[in-house]
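# Report on the structure
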Amino acid sequence: MNINLTPTTCKKNALGFTLVELMTTLSIAAILTFTAAPYVGQMFQSNALTSQSNEMVAIFNFARSEAIRRNSMVKICRADTEEIDTCSASLGQWKYWLVLDNSSVLKRGIVPGLGSIEQTSNFYLDTLSFKPDGLVYSNNALANGKKLQLKAKSNYRCILLGAGSRVSVTKATTNCI
C-alpha cells in the first residue's frame, strides 16, 4: 500500500477549528458562566459567615479556658471602636469585640467585612461572663439559650450557648434571635 503524504495533504489535515465550532464553544462557556455567577457569590458569602462563626466559637472557647486557667472571671463584650479597652455601654451590631479579665484586655478583634456581615446578640448588654467554673453567664444567670447571630444578606449563622456552656453553630435562612 502506497500512501503519498505530500506537504499539501498534511497541511489540509492540520487545519484548526471552524468558526461555527468556535462560536458554539464560546456560547456554551458564556451560558455556563452566567448560570454559575450567582452561586459563586453565595459561596463566598457562606464561607465568610462560616469563618466568622468559627472565629467567634474559638473566642468563646478561649475566654472559657482563660477563666478556668486564671481562676477568675473573663468577659467577652462588644466594643465601640477598635482601640477602646472597655465594653460598649449601648446595644447594637458587633463591629469590634474584646476579651477582658479583671485588669486588662486579653484579646480584641474586628468583625471582618464591616457592613457585609452583621453580628448581633441577645446577651444582656452584649456581654458574656465566663466564671472560674467554666460556665458562661449573662446578667448573672446561666447563658443557656443565648445567641449570637451573624447575617450576610439572606444567610444566617446562629451561635447558640447551651447547657454547660456548650456552643453550637447552625445555618438558618431567617432571623434566629
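Predicted model, so just to flag it, every value in this text is computed and none were measured. (Residues numbered from 1 in each chain as written. Predicted model: local features only at pLDDT ≥ 70, side-chain atom pairs only at ≥ 80, totals over all residues. Heavy atoms only, no water.)

Position of T35 among the secondary structure elements: in helix α2 (residues 19-70). A polar atom in the side chain of T35 sits 2.7 Å from the backbone oxygen of I31. (Helix = DSSP H or I, 4+ residues; strand = E, 2+ residues; numbered from the N terminus. Polar contact = N/O pair within 3.5 Å; in protein donor to acceptor, adjacent residues only side chain to side chain.)

This brings us to the side chain of Q149. The residue Q149 is located in strand β8 (residues 147-152) in this model. Q149 gets classed as buried once you look at its relative accessible area, which sits at 7%. A polar contact of 3.4 Å, which involves the side chain of Q149, links it to the side chain of N175. Here I177 takes part through its backbone nitrogen, which lies 3.5 Å from a polar atom of the side chain of Q149. Excluding its chain neighbours within four sequence positions, the residues that come into contact with Q149 are E118, Q119, T120, Y156, R157, N175, C176 and I177. (Buried < 20%, exposed > 50% of the residue type's maximum accessible area, 1.4 Å probe, protein only. Contact = heavy atoms within 4.5 Å.)

This paragraph deals with α2. Count 3.6 residues to each turn of an α-helix, and residues three or four apart come out pointing the same way. For α2, built from 52 residues, the straight-helix expectation of 76 Å at 1.5 Å per residue is met to within 8% by its first-to-last C-alpha distance of 73 Å. Note on α2: the residue one or two positions beyond its end, N71, has a positive phi of about 55 degrees. (Expected span 1.5 Å × (residues − 1).)

Moving on to unusual backbone geometry. Phi is positive for N139, which is not a glycine, with a value near 60 degrees. Of note, N139 is situated in the loop between β6 (136-138) and β7 (141-142). Phi is positive for N140, which is not a glycine, with a value near 60 degrees. Examined against the element boundaries, N140 turns out to sit in the loop between β6 and β7.

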